[in-house]
Amino acid sequence: MDTNSEPWWKTAVVYQIYPRSFCDTTGNGVGDIDGITAHLDHLGWLGVDAIWLSPVFRSPMVDHGYDISDYCDIDPLFGDLVAIDTLIDESHARDIRVILDWVPNHSSDQHPWFLESRSDRTNPKRNWYIWRAGDPSTPPNNWQAEFPPGPAWKWDDQTQAWYLHMFAPEQPDLNWAEPAVREAMYDTLRFWLDRGVDGFRMDVVHLLGKPDALPDRAKGPGRPLTEFDNQVTHEYLREIRAVLDRYEGDRMAVGEVYLLDPARVADYYGSDDELHLSFNFMPLWSEWDATVWREQIRLAADAFEPVDAWTTWVLSNHDVPRHRSRYGGNEQTARAAAVLLLCLRGTPFMYAGEEFGLLDADVPPEMAQDPAGYRDGCRAPLPWDGSSNHGWVKPDNWLPFPPEADTRNASAQMADSGSIAALYKAVLAARRRSPALQIGTQRILETHQLVLAFHRVHGTDQRIIVVNMSDEDVDSIAVGSGWQTEVRSDTTDAIAWTQSLPSQTAIILKPA
Ligand code: NOJ
């Protein structure tokens, strides 16, 4: 059955790459763009449809690239424009789309725009950032920065004024109310769209619409942010979408909308005139428990389906401990989680290295890098082979390798048909041949409290997925008769479906 009429991002599986951690080819201990190009065959082997690169633009790297000083150039640490053009071409040659990470809410304090803006109160770019005069001892309001903990305002002696930074002080917030800022930012989108990128992951887009009066936060510091969840933000998103829509080929915007409420996140799709996709982070923060997951799946369906919004599923990314670490460290759980992530209705986003079942690295305090203080473990270098350098130029890199790198590496796992990487490949292949898994409807089956079971249907194609999230073996899982095993998370052996599943195991069933 044909799923070709769907936009690519609906049926795709996206693979997130944190470029610093992927593969170094120069010997500076930091991954680079050529290192990604060098491993595209791994991604082709795995069977993912798109890659999203965390930022590779020019940056002083205070927040490892989320502080951009030139949106239209590549940081020399990662390569150059030739390298990214090559990556785009080589990816496209393998039918892999390329998504870049666009950071519209803030630039680096070293961006020429900010240097101009801070130079003089009468500078034409003064209004490109959010300045407030006042008393140097009292910030303009009570907003808190993400890191380091403290006020979201920094006093600038040069022009005797405060500027707003919702993240680090080196990440001043752009003033989206200024039309020239919006035009300049849309030009940066066009620059990359013209170079052939297929879409953007858009950083903290829910923060764009600052209310003019900059009111104090009613409930004090902390999430969820409500001040910015306003019509102005939606207006900007419609403008952004209009830029993308002028290009051929379904260029896609997936937004990081960090509102931990699916119903509010769904608003950011507009009437198919804002984001194409938005991350729903509630499941990412949910424990590994069938009752909890049934509830999350229902909440997502209730929020997204009525407004015809296509949701996303994420278990790991560069901002949180890896899910194998979060779920207790057991490989069986990570295997079952792979089946869950890739079979739910919506677009799955994998995080590089989860296919090897990586745990977070143990990062000693003297090697700590992250301004937020808790994200180094999940950003450890990816092991490509079992040598002491694990396919990097040197054994010692910007962060230490994760545990078990001798076996949890690409070459060992690609050669082992029983590895977790081989399981990811098998589930991705199963997904690719099943319209039900790609775009089918989804209904939760009430079978047994300890297992999550759901039924996916598209036309005559159907699958049932059962995930035993518990530490008990479960029998009598009543999903009806006429089903046979397609993929099991615990074994490649052909084991007949007997309505039972060992603990921490998932299965894809197809009609017998
Ligand atoms: C969200 C990104 O995922 C995170 O890594 C970054 O630190 C902040 N936005 C600021 O850009």
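Each remark here, short or long, concerns the structure printed above.
Residues numbered from 1 in each chain as written. Predicted model: local features only at pLDDT ≥ 70, side-chain atom pairs only at ≥ 80, totals over all residues. Heavy atoms only, no water.

Provide a residue-level description of the site of the ligand, including the pertinent values.
Taken together, the neighbourhood of the ligand is formed by 13 residues, with Asp63, His106, Asp203, His318 and Asp319 sitting nearest. For the ligand, an oxygen atom lies 2.9 Å from a polar atom in the side chain of histidine 106. Interatomic distance of 2.4 Å between a side-chain N/O atom of aspartate 319 and an oxygen atom of the ligand. Across the complex, the protein chains shield 97% of the 300 Å² of accessible surface that the ligand would expose by itself. Looking at side-chain class alone, the shell around the ligand contains four nonpolar, two polar and seven charged residues. (Near = heavy atom within 4 Å. Polar contact = N/O pair within 3.5 Å; in protein donor to acceptor, adjacent residues only side chain to side chain. Areas by Shrake-Rupley, 256 points an atom, 1.4 Å probe, with all protein chains shown as cover. Nonpolar A, V, L, I, M, F, W, Y, C, P; charged D, E, K, R; others polar.)

Just give me the short version of helix α14 (residues 420–432), but keep the residues and values in it.
Helix length check: α14, at 13 residues, gives a terminal C-alpha distance of 18 Å against a target of 18 Å (1.5 Å per residue), a fit within 8%. Of all the positions in α14, only Ile420, Ala421, Ala422, Leu423, Tyr424, Val427, Leu428, Ala430 and Arg431 are classed as buried. (Helix = DSSP H or I, 4+ residues; strand = E, 2+ residues; numbered from the N terminus. Expected span 1.5 Å × (residues − 1). Buried < 20%, exposed > 50% of the residue type's maximum accessible area, 1.4 Å probe, protein only.)

Tell me about the side chain of glutamate 274, and please be specific about residues and values.
The residue glutamate 274 is located in the loop between α9 (262–266) and β13 (277–278) in this model. Excluding its chain neighbours within four sequence positions, the residues that come into contact with glutamate 274 are His234, Leu237, Arg238, Arg241, Asp267, Tyr268 and Tyr269. (Contact = heavy atoms within 4.5 Å.)

How would you summarise a negative patch on the surface if you had to cite specific residues and measurements?
Judged by side-chain charge, Asp471, Glu472, Asp473 and Asp475 come together as a negatively charged surface patch. Position of aspartate 475 among the secondary structure elements: in the loop between β18 (461–468) and β19 (483–488). (Patch = residues over 30% accessible without salt bridge, like charges linked within 9 Å, V, L, I, M, F, W, Y side chains within 5 Å. Salt bridge = Lys/Arg side-chain N within 4 Å of Asp/Glu carboxyl O. Lys, Arg positive; Asp, Glu negative; His and termini not counted. Charge placed at Lys NZ, Arg CZ, Asp CG, Glu CD.)

I'd like a description of the environment of tryptophan 288, backed by residues and values.
Residue placement: tryptophan 288 occurs in the loop between β13 and α10 (290–304). By relative accessible area, tryptophan 288 is classed as buried at 11%. With residues near it in sequence (within four places) discarded, tryptophan 288 still touches Trp293, Tyr327, Thr333, Ala336, Ala337, Leu340, Val467, Met469 and Gln504.

Tell me what's going on with the sheet that holds strand β15 (residues 347–351), and back it up with residues and numbers.
In spatial order, the strands read β13-β12-β11-β5-β2-β1-β15-β14; together these eight strands make up an open sheet with parallel pairing. Strand pairing shows two members of the sheet lacking a second neighbour, β13 and β14 (312–314), which therefore form its edges. Pairing geometry for strand β1 (residues 14–17) and strand β2 (residues 50–53), over four bridges, is parallel. Of the residues in β2, the one forming a bridge with tyrosine 15 is isoleucine 51. Helix α5 (residues 81–93) rests against β2 and β5 (97–102) of the sheet, and its axis sits at about 140° to β5. (Pairing = 2+ DSSP bridges. Axes fitted to C-alpha atoms, helices over the stretch in contact; angles between N-to-C directions.)

Would you mind going over the packing of helix α7 (residues 179–194) against helix α8 (residues 231–245) in detail, with residue names and values included?
Between α7 and α8, whose axes approach to 10 Å, the crossing angle comes to 30°. Taken together, the axis directions place α7 and α8 in an arrangement best described as roughly parallel. Considering the relative orientation of α7 and α8, their crossing is right-handed. Each of Arg182, Tyr186, Leu189, Arg190 and Leu193 in α7 lies in contact with α8, whose residues at this interface are Tyr236, Glu239, Ile240, Val243 and Leu244. When grouped by side-chain class, the residues that make up the contact of α7 with α8 number seven nonpolar, no polar and three charged. (Parallel < 35°, antiparallel > 145°, perpendicular 65-115°, else oblique. Left-handed = near helix turned anticlockwise from the far one by under 90°.)

Requested: an account of the side chain of threonine 333, with residues and values cited.
You can see threonine 333 is positioned in helix α12 (residues 331–343). Exposure remark for threonine 333: the relative accessible area of 2% places this residue in the buried category. Excluding anything up to four places from it in sequence, threonine 333 contacts Trp288, Tyr327 and Gln504.

Mind laying out unusual backbone geometry, listing which residues take part and the relevant values?
Each neighbour pair has its own omega, and for phenylalanine 147 with proline 148 the value is -15°, a cis peptide bond. Mapped onto the fold, proline 148 is located in the loop between β7 (144–145) and β8 (150–151). With a phi angle near 60°, glutamate 404 is a residue other than glycine that sits in the positive phi range. Following the sequence through the fold, glutamate 404 ends up in the loop between β15 and α13 (410–414). If you check the backbone angles, glutamine 504 has positive phi at about 50° while not being a glycine. Position of glutamine 504 among the secondary structure elements: in the loop between β19 and β20 (505–511). Judged by relative accessible area, glutamine 504 falls into the buried class, the value being 5%.

I'd like a description of the packing of α12 against α14, backed by residues and values.
Two elements in contact, α12 and α14, have axes whose closest approach is 10 Å; the angle formed by their N-to-C orientations is 20°. Regarding the angle of α12 to α14, the classification is roughly parallel. Remark: the crossing between α12 and α14 carries right-handed chirality. Here Glu331, Ala334, Arg335, Ala338, Val339, Leu342 and Cys343 of α12 lie close against α14, whose contacting residues are Ile420, Leu423, Tyr424, Val427, Leu428 and Arg431. Tallied by class, residues from the contact of α12 with α14 come to ten nonpolar, no polar and three charged.

Quick rundown of the packing of aromatic side chains? Include the residues and the values.
Throughout the structure, instances matching the rule amount to 26 aromatic pairs. Among the aromatic residues, those joined into a cluster by ring pairs are Trp52, Tyr258, Phe279, Phe281 and Phe349. When the ring centre of tryptophan 310 is taken as reference, the NZ or CZ atom of lysine 10 above it lies at 5.0 Å. The aromatic ring of tryptophan 398 is capped on one face by arginine 20, whose charged end is 4.3 Å from the ring centroid. (Phe/Tyr/Trp six-rings, centres within 6.5 Å; stacked < 30°, edge-to-face > 60°. Lys NZ or Arg CZ within 6 Å of the ring centre and 35° of its normal.)

The values reported here are purely geometric and, on their own, carry no functional implication.
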